[in-house]
Amino acid sequence: MPDIAPVVTKGARRFVLFVAFTDATRRAEVFTVTGATAAEAWDRAAAELARREPKACWLRVDRVDAVERSSWGGLRSRLKEVKRNYFRLGISLDADFEHAFLETEINANAMLYGGPKQASAVLNEANFCIYAAQRHDLRGMHFVDERPIWLFTTKGAFVGEDGVVHALNGDGLDSGRRTIARLDPESISGLIRNGSDYLASQVGPDGRFHYGWHPCFDRPIQSYNSLRHASTLYAMLEAWEVIGDAVLKAAIDRALDHLVTLLIRTAALPNGEQAAFLVDAGSEIKLGGNAVSILALVKYRELTGDGRHAALLDGLASGIAHMQNPETGRFIHVLTYPALEVKQEFRIIYYEGEAAFALMRLFGLTGDVRWLAAVEKAFGHFIREQHWQAHDHWLSYCVNELTLHRPDEAYFRFGLDNFRDYLDFVLERITTFPTLLELMMAAEKMIARLRADPALAHLLDGVDVPRFYKALHHRAQYLLNGHFWPELAMFFADPRKIAGSFFIRHHAFRVRIDDVEHYLSGLIAYRNYLLACEVGGGFAHEEGAASAAPLHWTEDDVVKATGGRWADPLLHGWSASGLCMHPPTMRDGDMVALRPAGGTRGVPAAALARLPCPPAAFIAAAGDDAAKGLAPRLIVDDVGHAVLALGAYARERMASKVLAVTGSAGKTTTVAMLAHALASYGAVGQTRHTANLPHGIAWNLASIAWDVPHVVLELAIGRMAQNARLARPDIAVFTNILPAHLEYHGDLATIAARKSRIFEGMERGSVAVLNRDMAEWERVHMAARLRGLSILHYGKSEGCDFQLLAYDPDSRQVSALIQGRKIRYFLTAAGDHMALNSLAVLAAVAATGGDIQRAIASFAEFSPVAGRGEQCELSFGVRRITLIDDAYNANPGSMAAALALLGSTGRGRRKIAVLGEMRELGPDAITYHTALAPLIAAYGIDRVHAVGELYEGFWRSIADERRGRRTASIEELRAGLMSELRDGDVLLLKGSHGTLMYEFVDWLKSEAAPAVEQRQAAHAF
C-alpha cells in the first residue's frame, strides 16, 4: 500500500484517491474515495473496486497531493491566461471531494474548451453539465462567480495488460503520464512502433487513410488531404526502416498504390511534355503535394530497391520545375488541374522547403543535375527573401541536403540563421510542435559537418552550441506530452482506437495522420542521433569548442548578443566588463548605452561629459553621432532591445547559480542578506539600485562577471514573466503577498498570480523557497508545483523545512527548527521580520548546496540597508536618539513589521513613529490605514505623528495620549518634531516612496552633530 500524504480543506485533513478503469473500448469509469487516514482511503478504494467487479484491462489510481481554494469567478479569470486544453488542474465542487473531477476527465470531455476560435481555455458549461450528470448524477449545476471550488493536483500509478506498474509522478505539463527520465534509443523505438502501428491501422483495404479523429467524442475528421497522404507515407517508410514490421509494410504498399494510381495524375505542359501532379481536393495542384510524393517514392526506392516508379518521379519533378520561375527561382504554389492555371501564387512557406528538399533527394538518387540547378536557383530566391525568418523545418531539411553537395558558405549561413535566434522559442513553446524537433535534427546534421571541417568551423562562431543541444534534447523529451499513453487515452470516448497515437492538445487532442507523421519523423531522427553518439564516443561535442576566451565581453560577444555592427575600429584584445545606463552607476570598463533622441533608456547625450570614467564603448542607434570620436560605437537597431539582448546573452553564459527574490515586502533586504551570506562562498553578483524590471535586470546581468559562483537578483511584479525569462532563476525566494500596488493589481489573488510568474523562467527541478505563512500561499504553491519545482518552506507554521520557533528582540537570538534540527543563532539585524528573512536566506543557501553554518555566521555582520530598517544613532546637542530608517516604501505588511520593530527596540525608552501614507492601495486605502491603529497600543508606541489624509480613521482610533501631530505634509512636521525629541528616544520613519519620507531622513541626518559616528544601535546602547 503506497504511502500518501493528506491535504487540508476547510481545516480538515483528508486522504483523497481517484480510481479509474476501463476495458479500453469505452471511456473510463471513475470514482473517488476519501479517508481520515491513508489506510482508510485505500481500504475504501479496494472495497468499492471489488463491489463494481470491473472487466478492466487498464487501471489507474490518483492521489490528491495539493489543493487550492478558488471560485468559479476565479477560475474564469485564470482560464483567460491559459492556452486552450492546457489547464492541468482537477476541480472539486466541494471541500470534501464528494463531487470532483480529475484534470484528465475535464480535458477528455472538453469541459474547458470553447472551440477552435477560442484561443484560451474557457468554462464550457454545457459540456461540464453533461459529464457531471454522467459522473456524479448532478443536475441543475450553477456556475455563479462567488461559488467556491477547489483546484488540485495529483500523482498516481497506472497498470495495463502487461501488468507493469507505471508511476505517474510528473508535474505541470508533464503530469498525468508515465515518468520517463530521459529518452534513449530503446524507449524511442517503442514510441516509433506505437505511432507506426497506429498509422498502419488507419490504412483501409483500398489504401486510403482514416484521415483523423476528434477523440473527446470519437468524431471522424471528414475531409481528406492528398498531400498529407503522401507525407504520412514518407514517415511510415522512415518508421519501417527502424522496426521492419510486416504489417506496417503491407499498409505502406496499400497506401503507395492508392497514391500512384488514384491521387497522382498526368497533364501536358505548354511545351507538350508530360508531367505528373498530385491532385488534391478541389482539383488543386499544390507545390508541396508533388514534393512529398517524390519524398515518399524516393524513400521507397532506397529501402526496397524497387525502381518501377522512376518515370513517375521524373514527371513529378518536371511538374515542380513547371511551377518555378526559371529566372528568379520563385515558385508558384497552387495550380488548377487539368488546365494548369495559377490559382494561388503563394499559400504557405512549407511548400518552398518541401519542393527544394524533394528535388535534392531526387538528385541524390539519380544524379540528374537539372534538379540541383533548380534548387540552387530556388535558394537564391530564399536568401533574397530572407526565408530563414520562417524557421521552417522543411527548409532545414533542404539546406542540410543542399550543403552536402554544394558546401557554399551562403547556404550554411542560411541554415544557421534558420534556427539561430529561435532557440528560446524551441525551449519555451508550450505546445509540443513536433516540427520543431525536425528542424533541430536537420540542423544538427549540418552543425556536425561544420564542426568537422576546419575550413568551415568558423561559421559556428555565432552559434550558441550548448544552448542548441539543450533545446534539441528538451524538444525531444517534450514530445512525450503529445503521446496518447493508455493512462491518458482511457479517459476518451474510444481508448483503444487512439492509444499509441500522437495528438495536438490545443486542437482538442486532435489525432490526424500528419500530426502523427511529424512526431515520428522527429523521433526517428533523434533516435538516430543518440545511436550515433553512442557509437561515436558520447556527447562532449554538445558543450561547444573549448575556449580560453575572457569571461566577459569581447567584441564578438557584443555583436552576437545584439546583432549590431562596430562603426569604429577597436584596439586588439578589446573587452568590456559591464554596461552603464545611468551615470552614477558607471564603473571602469563599462560600455555606455546611449539614449536616442526621444528615448527613455540609456545615458542622454547631455550627460556624457559627466561620466566618471571613459567608456569602453558606446551602444548607439543608427544615425546617432553624439558619441562619435569619444569611444568605439556599436550601432544597433534599437538601444532598449540591445540592452535586453546583452542581459540575456550574459545570463546564458553565466556559470553562476542564479537566485531571484520576489514578494510584496522585504525583497531588497532579503537580496542584501542573501548576497551577504553567499559572499562566504565566493564573489557574488547582485541587483544594484533596486533595478528589478526587465531593462534593469538586463543591465545588472550584463554587468556581472560570468564566472561568479552566485548571482542574487530582485524581481518586481511588473512584467514578471519577462523578468523571469531574463533571470532564469535556479532558486526563487518568495517572501510574501501583501496589499501593495492594489491600484494596479486589484486584489491579493491577482498579485499572487502575477508574482508567481517568476516560476515561468525556471526549469523543472529548480527550487522555490516559499513563505508558508503568506497570504495566497495555496495559489503560489500550486504555481510552483505546476512548473515542476522542488519546494522548501520557511515560516512559523508547523512542518516548515525552516521553521521559526522563537525570536528574542532583546538578545536578538533566533531559535529555529531547520530540516528537523534545532538551531540557535544571533542576528544583528533587528526584528521578527528579519528573523524570517534569515530563514529564507538559509533555505536558499541550502538549495545551492552550501553549508548553512557559514551563512549563519555571516548574520552577525549583516546590517539592514538604508531606508529598509537601518538603525543609527543621531545626536542633536545633548540629545541622542536611535533612528530606524524604514522610509524607502510602505504597505500594510511592511508597516506592521516596522511598528513591531519599533516596539521591540530599546526597552524602557520612548518610542515615536512618524508615519507617511501607504500609497497605491486602491479604494480600501483608508481601511488599510485605520487597521494599523490597534498596533500602536499593542507594540507600546508612545507617540505617533501621521502625515496625510488617509490617516483620518486611524487618528480617531488611537488614544489621545499617543497622538502627536497630524499634518498634511512632512514640511509642517519638521520643526515641531525636532523640538519634541528627547534624549534616548527611538524614532521610526516609515512611508511610501511617494511621500518623500526618505527626504525627512536625509534632513534629520544633516541636522545631527557631524562628529557623531553613525553605527548600529545595538552597539550604541
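Reading the values: the criteria
- Residues numbered from 1 in each chain as written.
- Predicted model: local features only at pLDDT ≥ 70, side-chain atom pairs only at ≥ 80, totals over all residues.
- Heavy atoms only, no water.
- Pairing = 2+ DSSP bridges.
- Helix = DSSP H or I, 4+ residues; strand = E, 2+ residues; numbered from the N terminus.
- Domains from an automatic or database assignment.
- Buried area = accessible area lost by both parts, 1.4 Å probe.
- Salt bridge = Lys/Arg side-chain N within 4 Å of Asp/Glu carboxyl O.
- Polar contact = N/O pair within 3.5 Å; in protein donor to acceptor, adjacent residues only side chain to side chain.
- Nonpolar A, V, L, I, M, F, W, Y, C, P; charged D, E, K, R; others polar.
- Disulfide = S-S within 2.5 Å.
- Buried < 20%, exposed > 50% of the residue type's maximum accessible area, 1.4 Å probe, protein only.
- Axes fitted to C-alpha atoms, helices over the stretch in contact; angles between N-to-C directions.
- Left-handed = near helix turned anticlockwise from the far one by under 90°.
- Contact = heavy atoms within 4.5 Å.
- Patch = residues over 30% accessible without salt bridge, like charges linked within 9 Å, V, L, I, M, F, W, Y side chains within 5 Å.
- Areas by Shrake-Rupley, 256 points an atom, 1.4 Å probe, with all protein chains shown as cover.
- Lys, Arg positive; Asp, Glu negative; His and termini not counted.
- Charge placed at Lys NZ, Arg CZ, Asp CG, Glu CD.

The protein goes by UDP-N-acetylmuramoyl-tripeptide--D-alanyl-D-alanine ligase in an unreviewed UniProt entry, where it is assigned to Sphingopyxis panaciterrulae.

Novice: Just to check I follow, could you spell out the sheet that holds strand β10 (residues 219-220) for this structure?
Specialist: Backbone-to-backbone hydrogen bonds join strands into a sheet, with any given pair of strands oriented parallel or antiparallel. The strand order across the open sheet built from three strands is β10-β9-β16, with neighbouring strands paired in antiparallel fashion. With partners counted over all chains shown, the strands left at the sheet margins are β10 and β16 (511-512), one partner each. In this sheet, β10 lies alongside strand β9 (residues 212-214) in antiparallel orientation, the contact comprising two bridges. Paired with W213 across the two strands is P220, which belongs to β10.

Novice: Mind showing me how you'd approach the domain arrangement of the protein here?
Specialist: Interface size, as often reported, equals the accessible area lost upon joining of the parts. When the domains of the protein are assigned, the result is domain 1 (7-178), domain 2 (187-535), domain 3 (566-637), domain 4 (654-860) and domain 5 (870-1007). Just the C-alpha atoms count here: the centres of domain 4 and domain 5 sit 28 Å apart. Each partner contributes to the roughly 1,200 Å² buried at the junction of domain 4 and domain 5, and carbon and sulfur atoms together form 55% of this total. Between the two partners, domain 4 and domain 5, sit one salt bridge. Put simply, D810 and R907 hold a salt bridge, and the shortest N to O gap is 1.9 Å. Taken together, the connections running from domain 4 to domain 5 amount to two residue pairs in polar contact (both at pLDDT 80 or more). The leading source of residues in the side of domain 4 that touches domain 5 is helix α25 (residues 742-745), at three residues. Of the residues contributing to the side of domain 4 that touches domain 5, the split by class is eight nonpolar, five polar and three charged.

Novice: Mind showing me how you'd approach the state of the cysteines here?
Specialist: Here, disulfide denotes a covalent bond that connects the sulfur atoms of two cysteines. Evaluated as defined, the whole model comprises zero disulfides. Free cysteine C216: the closest other cysteine sulfur is in C129, separated by 17 Å. Among the residues examined, C216 registers a relative accessible area of 6% and is labelled buried.

Novice: Would you explain the packing of helix α34 (residues 970-980) against helix α35 (residues 997-1007) in this entry?
Specialist: The relative placement of two packed helices comes down to the angle between their axes together with the axis-to-axis distance. Between α34 and α35, the shortest axis-to-axis distance is 11 Å and the interhelical angle comes to 35 degrees. Crossing geometry of α34 relative to α35 is assigned as right-handed. The segment α34 lies against α35, with I970, L973, R974, L977 and M978 engaging M997, E999, F1000, W1003, L1004 and E1007. For the contact of α34 with α35, the per-class residue count stands at eight nonpolar, no polar and three charged.

Novice: Explain unusual backbone geometry to me, please; I cannot follow it from the model alone.
Specialist: Following Y337, the chain continues to P338 via a peptide bond in cis, the omega torsion being 5 degrees. Positive phi outside glycine occurs at R812, with the angle close to 55 degrees. By the secondary structure assignment, R812 is in the loop between β30 (802-808) and β31 (813-818).

Novice: Can you walk me through the sheet that holds strand β38 (residues 986-990) in this structure?
Specialist: Across the sheet, which stays open at both edges, the six strands sit in the order β33-β34-β38-β35-β36-β37 with mixed pairing between neighbours. Here the strands that pair on one side only, and so sit at the sheet edges, are β33 (870-876) and β37 (963-967). Averaged over all pairs of adjacent strands, the angle between their axes in this sheet comes to 20 degrees, without regard to strand direction.

Novice: How should I be thinking about a negative patch on the surface in this particular structure?
Specialist: A contiguous patch of negative charge, built from E971, E972, E999 and D1002, is present on the exposed surface. Elements represented by at least two residues in the negative patch include exactly α34 and α35. Considering the arrangement of structural elements, one finds E972 in helix α34.

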